[in-house]
Amino acid sequence: GFNHSLSGLMPIKGFRSVKAILIVTDNDRASSFSEVQTALTINGHTAPATIQDNGSVHRKPVAILMIPSDKEHGDLEKLSLPEVERKWPDAKRCVTEFLNCTGATAWTRPKSLNKARTRAATVGFNEDDPYRGLGHLFRNGTLSTANTCFDAIADFLRNFDARMGI
């Protein structure tokens with residue numbers, strides 16, 4: 001995942017003007033944070049010791065933001081689910097019935113189930129354009145990042161400059 005991106009940072013035009021780096025990743029496994037630490041380290045950078053610490057990439061401070069949070073395993077789909085259910089209140093009941101019927105609720109990979117749950121809701125309740133993914137639904141205003149489920153991310157970003165010392 002990150003190895004290729006980390007090894008190619010210096011040749012990027014304008015890298016000298018970068019003040020800090022934020023790595024955003026799913027927290028879908030117990031090893032998610034340590035995998036990012038390892039990728040930083042094997043590419044010659046200094047990994048943050050803990051999620052609250054900063055590391056360094058080519059003398060630029062680097063932080064890691066885990067989605068949905070560093071305390072909860074999941075991904076963007078899990079984080080976004082409260083907003084999807086706010087937009088389409090029947091989604092929780094209907095999607096759960098659908099996933100039970102298909103056997104998806106017995107899947108062993110939570111990340112796949114999170115994606116199936118969110119995708120089923122965005123497809124099933126979005127007649128105008130069922131092919132559009134989660135990102136598009138946020139960009140076009142169908143879904144809103146004003147939902148309280150995004151408050152921790154907003155707080156992190158609001159305090160990013162201070163955290164990074166920039």
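Here we summarise the structure given alongside this text. Note that residues are indexed from 1 along each chain, following the sequence as it is written. Given that this is a predicted model, residues contribute local features only at a pLDDT of at least 70 and side-chain atom pairs are listed and counted only at 80 or more, while totals for whole chains, interfaces and linings are drawn from all residues. With hydrogens and water set aside, each side-chain value is computed from the structure's full complement of heavy atoms.

**Describing the layout of surface pockets**
Any residue with an atom within 4 Å of a point lines the site, the site being either a cavity, points on a 1 Å grid over the protein atoms alone where a 1.4 Å probe fits but cannot get out, or a pocket, an open set with protein on both sides within 12 Å along at least 5 of 7 lines. Grid points are joined across faces, edges and corners, and a volume is the space filled by probe spheres set on the points. Roughly 180 Å³ of volume is contained in the largest pocket. As for the largest pocket, its lining consists of 13 residues, and the residues nearest its centre are Ile51, Leu65, Met66, Asp70 and Phe156. Labels follow the DSSP assignment, with helices taken as runs of H or I lasting at least four residues and strands as runs of E lasting at least two, numbered in each case from the N terminus. Looking at the lining of the largest pocket, the elements that each hand over two or more residues are β3 (60-67) and α7 (151-158). Among the residues forming the lining of the largest pocket, the class breakdown is 8 nonpolar, 2 polar and 3 charged. Residue polarity is assigned by list, with Asp, Glu, Lys and Arg as charged and Ala, Val, Leu, Ile, Met, Phe, Trp, Tyr, Cys and Pro as nonpolar; anything else, Gly included, falls into the polar class.

**Structural notes on the environment of Pro48**
Within the element layout of this structure, Pro48 appears in the loop between α2 (32-42) and β2 (55-57). The buried label goes to any residue with under 20% of its type's maximum accessible area, the exposed label to any with over 50%, and the partly exposed label to all in between, with areas taken from a 1.4 Å probe on protein chains only. Note on Pro48: relative accessible area 1%, which makes it buried. Taking the C-alpha atoms as reference points, Pro48 and Ile64, separated by 16 residues in sequence, lie 7.9 Å from one another. Any pair of residues with heavy atoms lying within 4.5 Å of one another is described as a contacting pair. Every residue in contact with Pro48, bar those within four places of it in the chain, is listed here: Phe33, Gln37, Leu40, Asp53, Asn54, Gly55, Val62 and Ile64.

**Some thoughts on the sheet that holds β3**
For two strands to pair, DSSP has to find at least two bridges joining them. Strand order in the open sheet formed by 3 strands is β1-β3-β2, with mixed pairing between adjacent strands. The sheet is open, and its two edges are formed by β1 (21-26) and β2, each paired on a single side. Direction aside, the axes of adjacent strands within the sheet are offset by 40° on average. Strand direction decides the pairing type here: β1 and β3, joined by 6 bridges, are parallel. Residue pairing for β3: Val24 is matched across the bridge by Leu65. As a rule, the C-alpha atoms of each element are fitted with a line to give its axis, helices using only the stretch in contact, and angles between N-to-C directions run from 0 to 180 degrees.

Keep in mind these numbers describe shape, not what the thing actually does.
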